Amino acid sequence: MSTSPSFDPRPSSILKEVDEVRPVRAEELVWVEPPQHHQAYSKLLVNPDNSRTRYFDFRLSLYQPRGYAENHAHTEAEHVYYILKGRGLMRLGERQYVVEPHTAIFIPPGVVHSLANTGLEDLLFIVVTVPAGELERRDRREDEVDHPDESASPSA
């Protein structure tokens, strides 16, 4: 029997040393699937929960083919997306745009937006948000772990 603790991939299980100023490697963090995202994951690299920033949310996002974020708008937050790999369809207001590597997208507050991976490979991009407060940093899968389906039969 192993004495080491089991791996818990939920973000809340990751030790946070907010007062320490240091580089963050993407491999140190688990992929989070924010609410209203489907097969769409983020690595929360810099934000007020894991660093001394008061303003930024800086994340690496990866949407698998058919992955998407639902239509939504932010009251105060401004976004910049920068596409690194793959192709997708970005909605900004009533218009849609094909996005691909080396495309930068600025999204001001109040603009309804969404992004879907309509390509044949993973869509990889950077998201910078200011201020960070409106961007969800919770993994929607936490609810599935914390509150398993009550209709499931108990194990023997």
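All figures in this text were calculated on a predicted structure; none of them were measured in a lab. (Residues numbered from 1 in each chain as written. Predicted model: local features only at pLDDT ≥ 70, side-chain atom pairs only at ≥ 80, totals over all residues. Heavy atoms only, no water.)

Participant: Before we move on, can you summarise the pairing of strand β5 (residues 95-99) with the specific residues and values?
Facilitator: Sheet topology note: the strand β4 (residues 88-92)/β5 ladder contains 5 bridges and is antiparallel. Among the inter-strand pairings, L89 is bridged to a residue of β5, identified as V98. What sits between the antiparallel neighbours β4 and β5 is a turn of 2 residues, in which G93 has the positive phi angle 65 degrees. (Pairing = 2+ DSSP bridges. Helix = DSSP H or I, 4+ residues; strand = E, 2+ residues; numbered from the N terminus.)

Participant: For the confidence of the model for the chain, give the residues involved together with the corresponding values.
Facilitator: Confidence along the chain averages 83 in pLDDT terms, with 73% of residues attaining 70 or more. Within the model, pLDDT remains below 50 along residues 150-156, and this stretch shows 0 contacts once partners closer than five positions in the same chain are excluded. (pLDDT = per-residue confidence, 0-100. Contact = heavy atoms within 4.5 Å.)

Participant: How would you explain the nonpolar core if you had to name every residue and give the values?
Facilitator: By size, the foremost hydrophobic cluster in this structure holds 13 residues, and its most contacted members are Y63, Y81, M90, I105, L115 and F125. Looking at this core, the element that brings in the most residues is strand β8 (residues 123-130), giving 3 residues. Ignoring anything within four residues of it in the chain, the contact list for M90 reads Y81, R95, Q96, Y97, V99, I105, I107, H113, S114 and L115. (Core = buried A, V, L, I, M, F, W, Y, C linked by side-chain atoms within 4.5 Å. Buried < 20%, exposed > 50% of the residue type's maximum accessible area, 1.4 Å probe, protein only.)

Participant: Quick rundown of the side chain of T53? Include the residues and the values.
Facilitator: Residue placement: T53 occurs in the loop between β1 (37-46) and β2 (57-72). Filtering out sequence-adjacent residues up to four positions away, T53 remains in contact with V46, N47 and P48.

Participant: Explain the packing of aromatic side chains to me, using residue names and the numbers behind them.
Facilitator: This model, assessed by the stated rule, comprises 2 aromatic pairs. Measuring from centroid to centroid gives 5.0 Å for Y63 and F125, while their planes differ by 75 degrees, and the two rings are edge-to-face. Linking Y63 in strand β2 with F125 in strand β8, this pair joins segments that are 62 residues apart in sequence. When sorted by exposure, Y63 lands in the same class as F125, which is buried. Members of the aromatic cluster, joined through ring pairs, are Y63, Y81 and F125. (Phe/Tyr/Trp six-rings, centres within 6.5 Å; stacked < 30°, edge-to-face > 60°.)

Participant: Please set out a nonpolar patch on the surface residue by residue, giving values where relevant.
Facilitator: On the surface, Y55, F56 and V130 cluster together into a nonpolar patch covering about 270 Å² of accessible area. Tracing the backbone shows V130 in strand β8. (Patch = residues over 30% accessible without salt bridge, like charges linked within 9 Å, V, L, I, M, F, W, Y side chains within 5 Å. Areas by Shrake-Rupley, 256 points an atom, 1.4 Å probe, with all protein chains shown as cover. Salt bridge = Lys/Arg side-chain N within 4 Å of Asp/Glu carboxyl O.)

Participant: Tell me about the side chain of S42, and please be specific about residues and values.
Facilitator: If you trace the backbone, S42 turns up in strand β1. Its relative accessible area of 3% is what places S42 among the buried residues. In terms of polar contacts, S42 uses its side chain to reach the side chain of S61, at 2.8 Å. Not counting residues within four places of it along the chain, the set of residues in contact with S42 comprises V30, W31, V32, P34, R59, L60 and S61. (Polar contact = N/O pair within 3.5 Å; in protein donor to acceptor, adjacent residues only side chain to side chain.)

Participant: Before we move on, could you go through the environment of E27 and cite the residues and values that matter?
Facilitator: For E27, the location among the structural elements is in the segment before β1. Owing to a relative accessible area of 60%, E27 belongs among the exposed residues under this scheme. Residues E27 and K43 lie 16 residues apart in sequence; the distance between their C-alpha atoms is 8.9 Å.

Participant: So what's going on with the pairing of β4? Which residues, and what values?
Facilitator: One ladder, built from 4 bridges, connects β4 with strand β7 (residues 113-116); its direction is antiparallel. Looking across to β7, one finds that L92 is bridged to H113.

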